[in-house]
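# A structural walkthrough
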Amino acid sequence: MKIILFILLSFVKVYSQNLYAEYKVTIFPEKEILEKDETLKSYYLNAIENAKHLNFGLICTSENSKFFNTTDSQILASIKGTDLLFAGYYGIVFDLKKKLLSQSNLLGDNIFVEKHIVNDWQLINEKKEINGFLCYKATSTNKIVYGEKVFNHPVTAWYCPTLPYNFGPNGYSGLPGLILELQVRNVVYGASKIELNSTETFKIETKKMKILNEKEFEEALNKLNDF
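Let me sum up the structure you'll find in this document. Keep in mind that this is a model prediction, so the values were computed, not measured. (Residues numbered from 1 in each chain as written. Predicted model: local features only at pLDDT ≥ 70, side-chain atom pairs only at ≥ 80, totals over all residues. Heavy atoms only, no water.)

### Comments concerning the overall build of the protein
- From N to C terminus, the protein includes 6 helices and 12 strands.
- Counting across all 227 residues of the protein, residues that qualify as buried make up 38%.
- A fraction of 59% describes how many contacts in the protein between residues 6 or more apart in sequence connect residues 24 or more apart.
- Taken as a whole, the protein presents about 13800 Å² of accessible surface, with 54% of it coming from carbon and sulfur. (Helix = DSSP H or I, 4+ residues; strand = E, 2+ residues; numbered from the N terminus. Buried < 20%, exposed > 50% of the residue type's maximum accessible area, 1.4 Å probe, protein only. Contact = heavy atoms within 4.5 Å. Areas by Shrake-Rupley, 256 points an atom, 1.4 Å probe, with all protein chains shown as cover.)

Right, here's the structure in full:
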């Protein structure tokens, strides 16, 4: 009974504290993109090379999380915006459990898109160790609608139940533990550092944001492309 009580108290203590994780990103070459025109190929190969210099942070509380770019400012100034796009990063993501507020750097730093979270994970009976933490596998699909075309990209996540925060990189969440590795198509985010009981924190200042729904965001992008 004392052992069970100790485990429960430990769980509550961890969950009541903030957690901070750092992530590195890897972009794997994809034949389909490499066979595009030479200009796009050049941007793509450049992004693959520069990805090793990119860093990202994830602050988790018991209620929400913030995923953001932490790359050194000097390095960031030397890379192209397309490098981040090829890495699948479009700006800060606040995960509020039931919805996401996702920044759109294409439209402006103060523009955020409100997205509903759809958790359709399939839990797989596979496990591996990441940075000393035992993780379990889950899979899903990232559905992207572009005009009349629909793209379904495979998603694989490795989550750690002993880190009881159901958040992860780029707004992917909803699993029974922190996502330490996430692969979407050919891009992989991997945790390089975990800080328990972190002093890192953040505020969500919605008064300074212009929040669009997904339809408004699509219309704004269409106007931008037409321009």
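### Regarding the pairing of strand 11 (residues 187-198)
- Strand direction decides the pairing type here: strand 1 (residues 18-27) and strand 11, joined by 9 bridges, are antiparallel. Bridge assignment links Tyr23 to a residue of strand 11, and that residue is Ala191.
- Connecting strand 10 (residues 178-184) to the antiparallel partner strand 11 that follows it, the hairpin turn spans 2 residues, and Arg185 within it adopts a positive phi of roughly 60°. (Pairing = 2+ DSSP bridges.)

### Topic: the side chain of Asn64
- Mapped onto the secondary structure, Asn64 falls in the loop between strand 2 (55-60) and strand 3 (65-69).
- The residues touching Asn64, leaving out its near neighbours within four places in the chain, are Ile59, Asp95, Leu96, Phe167, Phe202 and Ile204.

### A closer look at the packing of aromatic side chains
- By the definition in use, this model includes 10 aromatic pairs.
- For the pair Phe94 and Phe202, a centre-to-centre distance of 5.9 Å together with 35° between the ring planes defines the contact as tilted. Here Phe202 lies in the loop between strand 11 and strand 12 (210-212) and Phe94 lies in strand 4 (residues 93-95), a separation of 108 residues in the sequence. Of the two residues, Phe94 and Phe202, neither departs from the other in class, the shared state being buried.
- Members of the aromatic cluster, connected to one another through ring pairs, are Tyr23, Phe56, Phe67, Tyr89 and Tyr189. (Phe/Tyr/Trp six-rings, centres within 6.5 Å; stacked < 30°, edge-to-face > 60°.)

### Some remarks on the nonpolar core
- In terms of nonpolar packing, the biggest core is built from 42 residues, with Tyr23, Phe56, Leu178 and Tyr189 touching the most fellow members.
- It is strand 1 that contributes the most residues to this core, 6 residues altogether.
- In terms of nonpolar packing, the next biggest core, distinct from the first, is built from 10 residues, Ala157, Tyr172, Leu175 and Leu182 among them. (Core = buried A, V, L, I, M, F, W, Y, C linked by side-chain atoms within 4.5 Å.)

### Focus: the pattern of salt bridges
- All told, the structure shown has 7 salt bridges when counted by the stated rule.
- The residue Lys52 makes a salt bridge to Glu49 at a minimum N-O spacing of 2.7 Å.
- The class of Glu49 is partly exposed, set by a relative accessible area of 42%.
- In this structure, the salt-bridge partner of Lys128 is Glu181, at a minimum N-O distance of 3.1 Å. Separated by 53 residues along the polypeptide, Lys128 in strand 7 (residues 122-130) and Glu181 in strand 10 bring together distant segments of the chain. (Salt bridge = Lys/Arg side-chain N within 4 Å of Asp/Glu carboxyl O.)

### Quick notes on the state of the cysteines
- Here the structure, examined in full by the defined rule, presents 0 disulfides.
- Summary of cysteine pairing: Cys160 is not part of a disulfide, and the nearest cysteine sulfur, belonging to Cys135, is at 4.9 Å. (Disulfide = S-S within 2.5 Å.)

### A closer look at the environment of Tyr172
- For Tyr172, the position within the fold is in the loop between strand 9 (149-160) and strand 10.
- Spatially, the C-alpha atoms of Tyr172 and Ala157 are 8.9 Å apart, while their sequence positions differ by 15 residues.
- Those residues in contact with Tyr172, other than ones at most four positions away along the chain, are Trp121, Asn142, Val155, Phe167, Ile179, Leu182 and Val184.

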